[in-house]
There are 2 protein chains.
Amino acid sequence: MENMTLVYILSAVVIVLALGFAAYLASWVKKQKNDNKEIERIAGLIRDGANTFMRKEYTVLAVFAAVMAVFIYLFLPRPVWSAGAVPGSNLAMALCYIAGTVFSAVAGKVGIYVASLANARCAEAAQEGVKPAFLIGFRGGAVMGLIVVAACLLGVMGVMIVVGDASMLLAFSFGASSLALFAKAGGGIFTKTADVSADLAGKVELGIPEDDPRNPAVIADNVGDNVGDVAGMGADLFDSNVATMAAALVMATALGGKNPSMVFVYSALGLLSSIVGIYLGKIGPKGTPTGALNKSTYVSTVVFLALTAAATLIWGFEWRYWGAAAVGLLVGVVIGLTTNYFTDDNHAIVRKVAHASATGPAFTILSGVSYGFISALPAMVGIALSALIAHNLGGMFGISMAAVGMLSIVGTIISNDAYGPIVDNARGLAEMGSLGEETIRVTDELDSAGNTVKAVTKGFAIGAAGLTVISLLGAFMQEANHAIAEINLGLAAGEAPIAILTGFNLVDPTVFFGILVGAAIPAVFSAMLILGVDKNAQRMIAEIHRQFREIKGLAEGEPGVQPEYNKCIDIATTGALKELIPAGLMAIISTLLVGFIGGVQAVGGFLLGNIVTGLLLALFMSNAGGIWDNAKKYVEAGNEGGKGSDTHKAAVIGDTVGDPFKDTAGPSINTQITVVSLAASMLAQVFVHFHLF
Amino acid sequence: MENMTLVYILSAVVIVLALGFAAYLASWVKKQKNDNKEIERIAGLIRDGANTFMRKEYTVLAVFAAVMAVFIYLFLPRPVWSAGAVPGSNLAMALCYIAGTVFSAVAGKVGIYVASLANARCAEAAQEGVKPAFLIGFRGGAVMGLIVVAACLLGVMGVMIVVGDASMLLAFSFGASSLALFAKAGGGIFTKTADVSADLAGKVELGIPEDDPRNPAVIADNVGDNVGDVAGMGADLFDSNVATMAAALVMATALGGKNPSMVFVYSALGLLSSIVGIYLGKIGPKGTPTGALNKSTYVSTVVFLALTAAATLIWGFEWRYWGAAAVGLLVGVVIGLTTNYFTDDNHAIVRKVAHASATGPAFTILSGVSYGFISALPAMVGIALSALIAHNLGGMFGISMAAVGMLSIVGTIISNDAYGPIVDNARGLAEMGSLGEETIRVTDELDSAGNTVKAVTKGFAIGAAGLTVISLLGAFMQEANHAIAEINLGLAAGEAPIAILTGFNLVDPTVFFGILVGAAIPAVFSAMLILGVDKNAQRMIAEIHRQFREIKGLAEGEPGVQPEYNKCIDIATTGALKELIPAGLMAIISTLLVGFIGGVQAVGGFLLGNIVTGLLLALFMSNAGGIWDNAKKYVEAGNEGGKGSDTHKAAVIGDTVGDPFKDTAGPSINTQITVVSLAASMLAQVFVHFHLF
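Worth saying up front: this structure is predicted, and the values here are computed from it rather than measured. (Residues numbered from 1 in each chain as written. Chains lettered and ligands numbered in written order. Predicted model: local features only at pLDDT ≥ 70, side-chain atom pairs only at ≥ 80, totals over all residues. Heavy atoms only, no water.)

Considering the side chain of Asn259(A)
Tracing the chain through its elements places Asn259(A) in helix α7 (residues 259-279). Setting aside anything within four residues of it in sequence, one finds Asn259(A) in contact with Ala252(A), Glu318(A), Tyr321(A) and Phe397(A). (Helix = DSSP H or I, 4+ residues; strand = E, 2+ residues; numbered from the N terminus. Contact = heavy atoms within 4.5 Å.)

Take a look at the structure:
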């Protein structure tokens, strides 16, 4: 393997650039005008609420991570008491795991801090017009994007330099996944609990307007946007990005040559491309917010392709891997565009669902479910084709390079995605702070751009997750073979060696057994999260009722009487973590059970089953949710009878069903699959030793 | 291979017994009291409507089948003009295909005729009490059950005797599948079109009661029960049963020995067990309808296990295959029981969904979707475990024997299932014929038993389909290898032979490509059917409006003024066939595309992807639909606020969503997978020759 020093220097330079740029953007955001007392007060409540959630989440996570770290130290890569175990190796693995959680946690914490500064300033700037407000929202999100990707690159580089073993990256990645599970699924339950309770208890039962400060759940609702959409999504993409790099580096190290360098160079250049894209993400003289967001994506894409082509030429990397990365990135863009076709109200699908709502809510649901199913097809075919082409170009490593390519511009993707909740919050603040109709119209325009772009970024995220978990399947096989080779080395004379895996044959009933069980897991996981939102919302609604009953003058809106916002935030937080843990354990325990019943063959099938139905359900739920959301907005814009009509009522029911689909279950499935894949890889050795069939 | 004469004689004796018993039951039903003029008039309208649908369906099918037969004659098993082609073989294949459609069509026709005699007589007998009415409903359904299974056995035996080539059975099976696609998916669209339109235009818009004779769609609604649930379900299980026998015989013939005999003996004894079970299906002195239906299932199960054990002993079959069949049958029973747990309102799940409806329709949907997803887990694990155990007992052939075991008592299963729509119709007739409250209560009791038992039979049907398609995957591999071996034989000196398939490796990206695309197909297929129901209902509602506008005195209910029932039946029929064909073509064309892109490897993956998500979605949709249906009934029984409450309204929305889930899309997925698997097997040779990657 060639000397990596130059590569690490390049990466370090890009990391410093990114962090410096992020610091500049953060201080720029902080300097913006922020002198409306009422808005600052409410924004302060939201910030405190987000901190409450994050503190509690991180506390529970710390306990979870500590238990896992002890477990890892004791058992992995091999039981610490067994002959031939290297305790230092176990310790390194446990520490890598902890590092994974810490890096992601810090990135999330900083990102959410800046986002919660940006929302109030964005609301105020909206009084001046679209352009200045846009810039605050976008740059606030960009801090998150830059820090997440820089932290990812730094962490991976750190593990490689300090430990020098690519398979330790799996532990680092597993740490990031553990955090993502809490942040994404926990945050998803939190945000929808608050959303649903605030709506049901406030708007429906008590008849007070949305975002009314008397409603004890209203702050929790705004907090939810930050913890679910900003922090959760950041942790999710941190996780995908680390897993992609880990899988690619495990394979690159096995191949040797210039390949490990290439993985780093491409990732570093991806971050550099995101910096350029973010820098240019401004509204031009005749531009729109949507145009500016898309510009940043397309600029990053083109810059990445050009820079990596130049690097390939100069460094002498293999062109076929460049091709694989390019295919991955382009397919990501195409998936994003088709997602946009299905979920944007300028196209036919959303309008058809809005029209079907005129016949009643059952038809809102039926048509949304149907188009949600159909929308999965182009993305599945896209992922399948990119895997096929990438493999033809460069084997299993080609597939992981396609994933690296698809995730290369993840910095820009996160920026665009985090922009959404910031301007959504700004809209709420403008309303609560009574900034006037024109300001609200401006924030509405910003918000609508956020929704449109979200579809594209979501397509990217799911597509990348698809390719990543395929690479992880390869990594799992590699780890299992590692274990098998070690066992074979230690055989006594005359004992038959275990055959090295060449794959998983799907007509082998052990593999098939794993596939069928694995296929059911994402469905059960989603169901548990959705039911969790439901249960948690019941608790919060009871608390809202209690406050209106016990706090004198609250219902009447007497001056100075405040609801206990923190109680609601506490309930949403505690409940979210409580509902999340059984779902996460179910996924991990079923992996263990399948492994102990059918060994590595069954686990290979299990991972495939997970990937296949996981992708289908993630696409279905995210897109159906997006369709319903936008169909409701389309009706509210005055179509098909407009606000207050029966069609509108039907569309609202669709939207309520779609909320936990698209913000809780759908996007958490990625994380569930990654967690399970990484757990399987780390336990590969155990499954080789012990299994029933 | 041993002489099959004795086996064929045994089978023939059982077939004659079954047909004789069916004829006796049919004449017994026909002899029952039937002298209420009004009921007979309405029953006559329903009978005519069903005939209209079946005539049109069979006409379209005849054209479709003729085109397919020509295609088969020209191309399969090899192009008729190619060197080495045996035109007689192509002709035999085309004829087997046609025979498959004809056998299934005749069985369906006779079955539906008797069912449509039974409904009126059952309604009249309900005036005497539960017991006599039950017997008419059950025996009416039993005629269908016996004839379907006897026709299946006769057809398979005929092909084996006349053509003597097990792989010709695939063509016979493909014929049965083509018919099932029309009968099940077409019938499913028909029945829900009529149901939804009658409700929306009648109950909701015009405010006239359900089953009001002024509603032009009311007869179509009753016809739907017959064509969707009786004929469609019969064709579906005919199809599964033939496919199971075909797959088992293809493998048994390859294994040789006593195995082909065993497949026939087991199937014949299964039919015999069903005869015994049906004979004993009566309500005892203290019994209930549910008890009687379950008794027939359990008696058939025990008799089958005992008879096949005796046959295995006497004939000297291998015990391990008996074990595999027993495992299949028992797992079928277990899947049925768990389905019952999820969908029966005596258990917690349905009640939870009813309770969630109190919070609004969005929660009816969310909780139903969640429990529907969870309900798939036990069945998936059950199918996976039975495949694993059966394979450990007897390899790939063991799996097909497990499927034979699970479907052995299919005669009883169909009887129980066809009982449902007959008593449902009887209930409608009792109401339209004004037979009084007590009679309606009796028919309600009968109907409720039908719904409960349906869950068990549906579990069986999906479980069996799961095992069948696994066997078909084996059959596909066998056919592909057949083609490869032939090509290798004809190689010129120096040409490299094609490797014989040993399976499909899921880390092979060609296979993986197939898996991902295949996984999306059942989702898209379901979506197209659901949207088809929606479009078709819009047409029918327009027709209902037209009739009320143009037929003078109809709305006022003037004596002698009749709506044009046939117009509605025509619309439902034409529309159902029109909406079905694109969905069917989509499934077949995507198989062709995947085959031409990635060859047999990709098709193997494609079939697996189909099976995995197909099973998941079929279980999810059927069970979620069942949960919603029963949650509505539970509320209507006076719980959670009862009829007319907001909870009831929410539950009704759930039921409307569930209807096309459980009666159109869910049960059609089985057929879609079977059609695709058989088409793939028949085209295996073509895919070996021509593919892109």
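Digging into unusual backbone geometry
Glycine aside, negative phi is the norm for most residues, and most peptide bonds take the trans geometry. Residues and elements named next belong to chain A. The backbone phi angle of Glu640 is positive, close to 50°, even though this residue is not glycine. Mapped onto the elements of the fold, Glu640 is located in the loop between α15 (565-636) and α16 (646-689). For Glu640, a relative accessible area of 30% corresponds to the partly exposed category. (Buried < 20%, exposed > 50% of the residue type's maximum accessible area, 1.4 Å probe, protein only.)

Points about the environment of Val276(A)
All names here are of chain A. Looking at the secondary structure, you find Val276 in helix α7. A relative accessible area of 31% means that Val276 is categorised as partly exposed. Sequence separation between Val276 and Gly553 is 277 residues, and the spatial gap between their C-alpha atoms is 54 Å. Among all residues touching Val276, those that are not within four sequence positions of it are Val299 and Val303.

Regarding the pattern of salt bridges
Residue and element names in this part refer to chain A. Here the structure, examined in full by the defined rule, presents 47 salt bridges over all chains. In this structure, Glu445 engages Arg441 in a salt bridge whose closest nitrogen and oxygen atoms are separated by 3.5 Å. Highlighted residues: Glu445 and Arg441, both in helix α13 (residues 437-489), separated by 4 residues, approximately one helical turn. Take Arg441: its relative accessible area is 42%, and that puts it in the partly exposed class. (Salt bridge = Lys/Arg side-chain N within 4 Å of Asp/Glu carboxyl O.)

Re the confidence of the model for chain A
Across chain A, the average pLDDT comes to 88, with 99% of residues at 70 or higher. For this predicted complex, the interface confidence score (ipTM) comes to 0.90, while the overall pTM stands at 0.91. (pLDDT = per-residue confidence, 0-100.)

A look at the interface of chain B and chain A
With 70 residues of chain B at the contact, the number on the chain A side is 70 residues. Here chain B meets chain A over a buried area of about 6100 Å², counting both sides, of which 88% is carbon and sulfur. Between chain B and chain A we count 0 salt bridges in total. For the interface between chain B and chain A, the tally reads 6 residue pairs in polar contact (both at pLDDT 80 or more). For the side of chain B that touches chain A, the elements supplying multiple residues, two or more each, are α5 (168-206), α11 (361-407), α13 (437-489), α14 (509-550), α15 (565-636) and α16 (646-689) of chain B. Here the side of chain B that touches chain A takes 22 residues from α11(B), the largest share from any one element. Residue classes in the side of chain B that touches chain A are distributed as 55 nonpolar, 14 polar and 1 charged. (Buried area = accessible area lost by both parts, 1.4 Å probe. Polar contact = N/O pair within 3.5 Å; in protein donor to acceptor, adjacent residues only side chain to side chain. Nonpolar A, V, L, I, M, F, W, Y, C, P; charged D, E, K, R; others polar.)

Let's talk about the nonpolar core
Residues Phe264(A) and Phe264(B) are the most contacted members of the largest nonpolar core, which totals 545 residues. Beyond its immediate sequence surroundings of up to four residues, Phe264(A) is in contact with Met4(A), Val7(A), Tyr8(A), Ser11(A), Leu153(A), Val156(A), Met157(A), Met160(A), Met245(A) and Leu249(A). (Core = buried A, V, L, I, M, F, W, Y, C linked by side-chain atoms within 4.5 Å.)

Some points on the relation of the copies chain B and chain A
Superposing chain B onto chain A requires a rotation of 180° together with a translation of 0.0 Å along the rotation axis, leaving an RMSD of 0.0 Å. Such a combination of rotation and displacement between the chain copies is what one expects of a two-fold axis. Relative to the rotation axis, the C-alpha of Asn505(B) is the closest in chain B, positioned 2.2 Å from it. A share of 100% of the interface residues of chain B reappears at the interface of chain A, consistent with the copies meeting face to face through the same patch. (Least-squares fit on C-alpha atoms with pLDDT ≥ 70 in both.)

Here we look at the packing of helix α1 (residues 5-31) of chain B against helix α4 (residues 130-162) of chain B
Residues and elements named next belong to chain B. For the pair α1 and α4, the least separation of the axes is 9 Å and the interaxial angle reads 155°. As judged from the angle between their axes, α1 and α4 are roughly antiparallel. The two elements α1 and α4 cross, and the hand of that crossing is left-handed. Split into classes, the residues belonging to the contact of α1 with α4 amount to 24 nonpolar, 2 polar and 1 charged. (Axes fitted to C-alpha atoms, helices over the stretch in contact; angles between N-to-C directions. Parallel < 35°, antiparallel > 145°, perpendicular 65-115°, else oblique. Left-handed = near helix turned anticlockwise from the far one by under 90°.)

Considerations on the environment of Val333(A)
All names here are of chain A. Within the secondary structure, Val333 sits in helix α9 (residues 319-343). Residue class for Val333 comes out buried when judged on its relative accessible area of 13%. Put simply, Val333 and Val63 are 270 residues apart on the chain and 39 Å apart in space, counted from C-alpha to C-alpha. Each residue touching Val333, except ones within four places of it in the same chain, is listed here: Tyr298, Thr301 and Phe460.

A few points about the side chain of Gln685(A)
Secondary-structure assignment places Gln685(A) in helix α16. Not counting the four nearest positions on each side in its chain, Gln685(A) is found in contact with Pro77(A), Arg78(A), Ala483(A) and Glu486(A).

What to know about the packing of aromatic side chains
Each aromatic ring pair is summarised here by two numbers: the centre-to-centre distance and the angle between the ring planes. According to the stated counting rule, one finds 42 aromatic pairs over all chains in the structure shown. Arranged with centres 4.8 Å apart and planes meeting at 75°, the rings of Tyr321(A) and Phe397(A) form a pair that is edge-to-face. On the criterion of sequence distance, the pair formed by Tyr321(A) in helix α9 and Phe397(A) in helix α11 (residues 361-407) is long-range, its members being 76 residues apart. What makes Phe397(A) buried here is its relative accessible area of 3%. Both rings, one in Phe21(B) and one in Tyr24(B), keep their centres 6.4 Å apart while their planes meet at 15°; by these two values the pair is stacked. Placement of the pair is Phe21(B) and Tyr24(B) together in helix α1, with a separation of 3 residues, close to one helical turn. By relative accessible area, Phe21(B) is classed as buried at 14%. Taken together, the ring pairs in this structure connect Tyr266(A), Phe304(A), Trp315(A) and Phe317(A) into an aromatic cluster. (Phe/Tyr/Trp six-rings, centres within 6.5 Å; stacked < 30°, edge-to-face > 60°.)

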